[in-house]
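Read off the chains here:
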Amino acid sequence: MTAHCNKDFTQIDPRTLRDVFGCFATGVTVVTSCGTNGAPVGLVVNSFSSVSLDPPLILWSIDLKSPSHDAFCAHPGFAVNIMGADAKEETLRFCKPSEDKFAGVDWYPGHHDVPVLSNAVATLECRTEQRIHSGDHEIFIGRVLRVDQRDGAPLIFHRGRFAEIGQAL
């Protein structure tokens, strides 16, 4: 194993930082909402995290330059769809800008009419409680209003690619 140490505390190369972030395996979510014209919007997010059980709060972040940023800011709610390993192809639809990411995707309107993906292993439907600008992203804190879950292995992202979870220790 090769170790790399950044000895310069003033500057970290963005590519190197992204590679280091990639060492942390994360679950994969598709966060969805409604656009200003009422059309569904969604994007893959791995910055999802729980915040509080009482009150029930979660967070995620979006790049300020994302084409979906304004839609999430304008709508009062969103859904965090936690994707399963069996939904990898569906998840890929939400990785890049597209005219209709929802074409061929089974979904239904949830709280505030936000799209809830039927193939998610779990879903948290939320009302936006707070938005915080930080660096080149905006952090959304949402109050969880409704949850759902089903059996299934999680979809994992590690070192820039999807991965499968191994046997639990």
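Right above here is the structure, for reference.
Summary of the structure given here.

The rules we used
- Residues numbered from 1 in each chain as written.
- Predicted model: local features only at pLDDT ≥ 70, side-chain atom pairs only at ≥ 80, totals over all residues.
- Heavy atoms only, no water.
- Buried < 20%, exposed > 50% of the residue type's maximum accessible area, 1.4 Å probe, protein only.
- Helix = DSSP H or I, 4+ residues; strand = E, 2+ residues; numbered from the N terminus.
- Pairing = 2+ DSSP bridges.
- Contact = heavy atoms within 4.5 Å.
- Axes fitted to C-alpha atoms, helices over the stretch in contact; angles between N-to-C directions.
- Polar contact = N/O pair within 3.5 Å; in protein donor to acceptor, adjacent residues only side chain to side chain.
- Phe/Tyr/Trp six-rings, centres within 6.5 Å; stacked < 30°, edge-to-face > 60°.
- Core = buried A, V, L, I, M, F, W, Y, C linked by side-chain atoms within 4.5 Å.
- Salt bridge = Lys/Arg side-chain N within 4 Å of Asp/Glu carboxyl O.

Turning our eyes to something else, we now look at the pairing of strand E5 (residues 57-63). Within E5, five of the seven residues are buried, which leaves the element mostly enclosed by the surrounding structure. Of the pairings in the sheet, the one linking strand E4 (residues 49-52) to E5 comprises three bridges and is antiparallel in character. Paired with Ser-49 across the two strands is Leu-59, which belongs to E5. Counting the residues in the hairpin turn of E4 and E5 gives four residues.

Another point: the environment of Val-45. Its place among the elements puts Val-45 in strand E3 (residues 40-45). Residues Val-45 and Thr-26, spaced 19 residues apart in sequence, show a C-alpha to C-alpha distance of 9.8 Å. Apart from residues lying up to four places away in sequence, Val-45 is in contact with Val-28, Thr-29, Val-31, Trp-60 and Ser-61.

Moving on to the sheet that holds strand E2 (residues 29-34). Ordered by their spatial adjacency, seven strands build an open sheet running E3-E2-E6-E9-E10-E5-E4, and the pairing between neighbours is antiparallel. Edge positions in the sheet fall to E3 and E4, since each of these pairs with one other strand and no more. Mean inter-strand twist for the sheet, computed between neighbouring axes without regard to direction, equals 35°. Bridge count between strand E9 (residues 120-134) and strand E10 (residues 137-149): twelve bridges; the pairing is antiparallel. What sits directly across from Arg-127, in E10, is Arg-143.

Our next topic: the environment of Ser-52. You can see Ser-52 is positioned in strand E4. Under the relative-accessibility criterion, Ser-52 is labelled partly exposed at 25%. With 91 residues separating them along the chain, Ser-52 and Arg-143 place their C-alpha atoms 9.3 Å apart. Of note is the side chain of Ser-52, whose polar atom sits 3.3 Å from the backbone nitrogen of Asp-54.

Summed over the entire model, instances satisfying the criterion amount to eight aromatic pairs. Summarising the aromatic geometry, the rings of Trp-60 and Phe-72 are spaced 5.0 Å apart at their centres and angled 70° between planes, so their arrangement reads as edge-to-face. Of this pair, Trp-60 sits in strand E5 while Phe-72 sits in helix H2 (residues 69-74), and the two are twelve residues apart along the sequence. A residue is classified by how much of its surface remains accessible, and Trp-60, at 0% relative accessible area, is buried. Phe-72 gets classed as buried once you look at its relative accessible area, which sits at 1%. Ring plane angle 80° and centroid distance 5.0 Å describe the contact between Phe-94 and Phe-102, whose orientation is recorded as edge-to-face. In this structure an aromatic cluster arises from ring pairing among Trp-60, Phe-72, Phe-78 and Phe-140.

A word on the nonpolar core. Inside soluble globular proteins, nonpolar side chains tend to come together where they are buried. If you look at the biggest cluster of nonpolar residues, it comprises 15 residues, and the most contacted ones within it are Val-31, Ile-58, Trp-60, Phe-72 and Phe-78. Mapped onto this core, the elements with two or more residues apiece are E3, E5, H2, strand E6 (77-83), E9 and E10. Setting aside residues no more than four positions away along its own chain, Ile-58 makes contact with Phe-48, Ser-49, Ser-50, Val-51, Phe-78, Val-80, Leu-124, Cys-126, Phe-140, Ile-141, Gly-142 and Val-144. Residues Met-83, Phe-94, Phe-102 and Leu-117 belong to the second largest nonpolar core, which totals ten residues.

Side-chain pairing between opposite charges can occur once the charged atoms of the two side chains come close. Considering all chains together, one arrives at six salt bridges under this definition. Across the salt bridge formed by Glu-129 and Arg-127, the nearest N and O atoms sit 2.8 Å from each other. Of the residues examined, Glu-129 reaches a relative accessible area of 37% and is grouped as partly exposed. For the salt bridge of Glu-129 with Arg-143, the shortest nitrogen-to-oxygen distance reads 3.4 Å. Of the two residues, Glu-129 sits in strand E9 while Arg-143 sits in strand E10, which places them 14 residues apart along the sequence. Salt bridges sharing common partners tie together Arg-127, Glu-129 and Arg-143.

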